[in-house]
Each structure stands twice: as C-alpha cells, then as structure tokens.
Amino acid sequence: TAEAVAACRRATRIEPKSARARSALGDALRGHGLLEDALAAYEAALALDPGHFAAQSMAARTLLDLGRIDEAVAAFRRAVALAPDQADTHSNLGNALREAGELDAALGAFAAAIARDPSYAPAHCNLGNVHQDRADWSAALACYDRALALDPGYVTALTNRGNALKQLGRFAEAVQSGTRALALSPANPTVLANLGMTHVAAGAFEPATGCFAQATALRHGAPWSAAERLAGTAAPPAPVPPPATAHFKLHHDAEQLRYLRDRGVVGEAFAPVIAAYEEVATELVGKAAPAAPLALSERQWRRLAPWYNRPIHVPPSPALANGAINPDHDAAALSAAYGDSRPNLVVLDDLLTAAALEALCAYCLEATIWYQVKHGYLGAYLVDGLGTPLVLQIADEMRRRLPGIFGKRRLNQLWAYKYDQRLPGIRMHADFAAVNVNFWVTPDGANRNPETGGLLVHRVPAPSDWAFRKYNYDVAAMEAFLAESAGAPIRIPYRQNRAIIFDSDLFHRTDDLDFRPGYENRRINVTMLFGDRGE
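Residues numbered from 1 in each chain as written. Predicted model: local features only at pLDDT ≥ 70, side-chain atom pairs only at ≥ 80, totals over all residues. Heavy atoms only, no water.

Asker: How should the pairing of strand β4 (residues 411-419) be read in this particular structure?
Answerer: For a regular strand, side chains alternate in direction, first toward one face of the sheet and then toward the other. Across the nine residues of β4, seven count as buried, placing the element largely inside the fold. Pairing geometry for strand β3 (residues 377-381) and β4, over five bridges, is antiparallel. What sits directly across from L378, in β4, is K418. The pairing of β4 with strand β10 (residues 524-530) spans seven bridges and is antiparallel. Bridge assignment links L414 to a residue of β10, and that residue is M528. (Buried < 20%, exposed > 50% of the residue type's maximum accessible area, 1.4 Å probe, protein only. Helix = DSSP H or I, 4+ residues; strand = E, 2+ residues; numbered from the N terminus. Pairing = 2+ DSSP bridges.)

This is how it looks when you write it as structure tokens:
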C-alpha cells in the first residue's frame, strides 16, 4: 500500500487537475490506513469534478469510517443523486442512516436498493440489521435467509443470522450458522468473536474461550513464549502503526513492562524497550489534550513496533473449582431489592471469593492485553485476551445466582477498563443492554478519597427513541436532558470487590478519581452487559 500511495502521488504531480488521479490516491491512502488523508484526496477530486461518483461515494464511506455520521449521511445523499439507480449506493446510505439512529429512513433506503436490484444480497442483510436494532429477531432472520438464498457464501449474513438465532434461543442452529461462516472465513476475528458469544449463550465455555483466543491471535499475534519474553522479541511487528495511541497508553505500557521485569517475567532485554516507551511518551506531551488520542510519527513507530500491543505475557486464568462468586449472598433478597428499587439498582459488596479476586487482580496486572486506547483510559475486551475461563465463569455464575434479576438474559458484552490516575474516567453515557454489572478490583488502599472514585448513576433512563450514538456519545444532549429530567445522581463510592447492578438504560459516569501514583494503584473495573435494551 505504501508503494500504491507513492505511485498515485506521482500521478497527481503529472496530472494535477485529474480528478481520477486524486480519487485513486484516496483509495490508496484508505488502503494504507490513512483515512483523514484519504478524505482530503477525495475532496480534492470533487473540487476538480463535483460529478465524480467514485470520489463522492468513497468520501462518504470514509466519513462513516471516521465516525462523522451526519456528514456521511449528507455525502451518501449526494452520491445517490449522482447515481440514483445504483443499489449499493442506496444501501450504503441506509447504513449511514442506521448509524445516525434514523431507522425508518434506513428502512426506506434499503427498500430503495432492493427495488432497484432485488438480487443485491447486502441490502437484504442490512435490512435485517435494522430489524435486529428493533429486537424483531424473526424479521431479521427472514432477511438474512433471503440474503443467503441469493449468496450462500455471504459471511456477514451467516454471522448475523447466527446472532438472530441466538436471540431467539435457537442455540444449536446459531452455532451451526456461525460455524459455516468461520469455515468460509477462518481468519476473520469478527466471525470468531460472534461465534464465541454464541457458545457463551449456549453455556459451552471451552469452545467460547477457544474462539476468543483465536480472534486475539489474529488481531495481536500469538502469545510470546518464556524464551521470547526473556529475549525481548518474537514475531515481526505490524508494518503499519495503529490509528492512534496516547501519552497515557505509553506511560502505562512502560509501567507494566517494568512491573513484569521486576518479577522476572520478562528479561533485562526489556530495559531499553521501557526507556523507548518513556522517551516517546515524553515527546508526545503537549501534542494534544492529555486524554486525547494522537498519531505516532514513523520514527516513533519504528522504536516501539516490535512490542506495541503485543501479547508479550498472557498468563493462564482458569476457572476455579470451588466457584468464583461469593456463596454467602442472599440471592432472593438481592433480587427483591433490585426489583423494588426505583430506579432498578442494587449494590453488592464482596462479590467474588477471595481466591477469584486474587486471581483476577493478578491477571489484570500481568496480562499485556490493554490494547484499546479510549478517552483517558485503556480497554481490554474478550477478543483482546480477556475472554478467559475465569472471567466467563464470573459472568455465568452471576447470571445463575441471581435469576430474579437476570432471568433468561444472556451475556452480550464484557470488558475491563484501566485508568490513569491523572485523568478523568468515563464520560456520561448509557449502555445497549438490559442489565449492567460493574465491579472494581483494585485494592481500597489505592484510593485516596473513600467517598468518591466509584460511579455516579442518574435516576432517569435514556429516552427509548434515542439512538445508540446519542445516548452513548452525545454528552451535550445527555447533559441537557438530565438538567431538565433528573435530580442529583446516586453516588456509589469505590470499594474493591464491590459490584453495582443496575438498569443499563440509566445514564452513568465515573466519579471523580483520586488514586495514588504507581502501576498497582491504577483503578480497574470490569463491566458485564446482559440482555438487550428494551427487554
């Protein structure tokens, strides 16, 4: 892709007024992962030729990839105007409208695509996705089946069909659909992740962890051996830098490698690696707001590439024979308290057994799985190395121990977040689920203010007609709504091994943080989402 970019740049120098050359440059830059630069190339092509359909269509796709949803919708509308008979353009407009939460308009766009080409399988699949958004699983399944009748090898339709079957409780068929998708696309982390969640719903945790481990290896490489950890290098690094990192991410990784070196897990060969992380982190200070992601230069990437976001150490984390959830909890009382509370919320102290808490704390400190750069904190997901037998055991026992809260709702997402002591936590949001379980694992001694450091939960839910993007990202809209609709939030102070179980529709955010410096003092929470919004 680097050679393609260079060739296209030469073409634009030879013919600087060629919209075709600018559009081709945009395609090459997209292939090289440089989305902002690609968008600029497409815009340059459109400035030369406003009727250039390929540039308009790809500019819209790039805006969608960048998360600039409203601009993407407008750009796709312009593409539809340029080529009104193109079924794929109407379908792409529908995808953007779906992202914007305009589900009725998205249905109209997909219907327009199908009217222009009834054999266009992606439009049927995308139509099914809107029905899934509305929890109409049977209608979604019918759409996926139509897409597969047109294209039996359509991997996305097979995967989404498996999700719909899972929601309908038809687990054997769901596994079969996901397995077919995997056979067609064995190196696809998304297919593996979806099949893993289907196995979780079916209660088959060994194949689930196998799927998550395969997805992790595809995304980040195979876990390093003990010899590789001592030598300091394993497989060749990824040639393309990540889309973004942050100062706090590099600072964390240096601290973690030092923690592992001091315990003999990695060798002294990591001393210059730690120094490189710290030096690059220092270079990034002042380049952007402290919590904001930013890009590495080519030189900086070369210094970190062999070690950045690699599974250097991923220790085993087996399920515990004696259980993970504290058996002393009164399940009936907790379920009654949850059902009777307005809003639905209950606090549960001493969630895990001592053995489970110790094992989970050790894993979160040791495992180099903190790949995802969020806004001021780091994330680890099931397909990043968090999909361990212990973590799935905790989620399953939680659901089974409290049937009065969870009922038949299944786990649909799980993650862990690790915070920087100098930065704020998660901003206001609600989650796409029925029940949220949030618990903390860092020792209480790390928290300098025992009255804060936990969670603020507002007493009103997100409006049912708000799209995910609005209730999960649009902080201004949420704050305006809460100013009119809610009083003071419920404050749950931080405590190690404390869980908050609450309605996922409730707006919530991390409380003010005042944790001590030092790697082992970083606040860590685990979040488990059960069921679907609206259940």
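What follows continues from the structure just given.
Asker: Please explain the pattern of salt bridges as it appears in this structure.
Answerer: When charged atoms on two side chains of opposite charge get close, those side chains can pair. Within this structure, the stated rule accounts for 24 salt bridges. One salt bridge in this structure joins R302 and E298, with 3.5 Å as the shortest N-O distance. Note that R302 and E298 are positioned in helix α17 (residues 298-304) at a spacing of four residues, about one turn of the helix. Assessed through its relative accessible area of 63%, E298 is described here as exposed. Ionic contacts of the salt-bridge type, sharing partners, join the residues E255, D420, R422 and R522 into one network. (Salt bridge = Lys/Arg side-chain N within 4 Å of Asp/Glu carboxyl O.)

Asker: Looking at this structure, how should I read the sheet that holds β10?
Answerer: With antiparallel pairing, seven strands are arranged side by side in an open sheet as β1-β8-β5-β10-β4-β3-β2. Each of the sheet's edge strands pairs with one partner strand only, and the pair in question is β1 (345-348) and β2 (372-373). Here β1 pairs with strand β8 (residues 499-503) via four bridges, running antiparallel. Bridged to V346 within β8 is I501.

Asker: So what exactly am I meant to see when it comes to the nonpolar core here?
Answerer: The tendency in soluble globular proteins is for nonpolar side chains to be buried side by side. In terms of nonpolar packing, the biggest core is built from 76 residues, with L360, F439, I501 and M528 touching the most fellow members. Setting aside residues no more than four positions away along its own chain, I501 makes contact with Y338, N344, L345, V346, M398, L402, I405, F406, V435, N436 and V437. A45, L46, V73 and A123 belong to the second-largest nonpolar core, a separate cluster that totals 39 residues. (Core = buried A, V, L, I, M, F, W, Y, C linked by side-chain atoms within 4.5 Å. Contact = heavy atoms within 4.5 Å.)

Asker: Just to check I follow, could you spell out the side chain of H508 for this structure?
Answerer: One can find H508 in strand β9 (residues 506-510). Classification of H508 as buried rests on a relative accessible area of 3%. Here D431 takes part through its side chain, which lies 3.2 Å from a polar atom of the side chain of H508. Side-chain polar atoms of H508 contact the backbone oxygen of L506, separated by 2.8 Å. (Polar contact = N/O pair within 3.5 Å; in protein donor to acceptor, adjacent residues only side chain to side chain.)

Asker: What's the story with helix α7 (residues 103-116) in this structure? I'm lost.
Answerer: Along its 14 residues, α7 runs 20 Å from first to last C-alpha, staying within 8% of the 20 Å computed at 1.5 Å per residue. What α7 keeps buried is the set L103, A106, L107, A109, F110, A112, A113 and I114. In the core, the buried residues of α7 are packed alongside α6 (87-99) and α8 (121-133). (Expected span 1.5 Å × (residues − 1).)

Asker: Even after reading the chapter, I still don't get helix α1 (residues 2-14), so can you show me in this structure?
Answerer: Taking 1.5 Å as the rise per residue, α1 with 13 residues should run 18 Å; its terminal C-alpha atoms sit 19 Å apart, in good agreement. For α1, the complete set of buried residues consists of V5, C8 and T12. The buried residues of α1 all sit within an arc of 70 degrees when viewed along its axis, so they share a single face. Of the exposed residues in α1, those oriented more than 90 degrees away from the buried face are E3, R13 and I14. At its buried positions, α1 is contacted by α2 (19-31). (Arc of directions from axis to C-beta.)

Asker: For this particular structure, what's the right way to read the environment of C125?
Answerer: The residue C125 is located in helix α8 in this model. Residue classification places C125 among the buried positions, given a relative accessible area of 1%. C-alpha separation for the pair C125 and N194, spaced 69 residues apart in sequence, amounts to 16 Å.

Asker: I'm lost on the packing of aromatic side chains in this one. Help?
Answerer: Note on aromatic pairs: each is described by the distance of the centres and the angle between the planes. Scanning all chains against the criterion turns up 16 aromatic pairs. Between Y381 and Y417, the aromatic rings sit 6.2 Å apart at their centres with planes inclined by 75 degrees, giving edge-to-face as the arrangement. Of this pair, Y381 sits in strand β3 while Y417 sits in strand β4; the two residues are 36 residues apart in sequence, bridging distant segments of the chain. Neither Y381 nor Y417 differs from the other in exposure class; each is buried. What links up through ring pairs into an aromatic cluster is the set Y377, Y381, W415, Y417 and Y419. (Phe/Tyr/Trp six-rings, centres within 6.5 Å; stacked < 30°, edge-to-face > 60°.)

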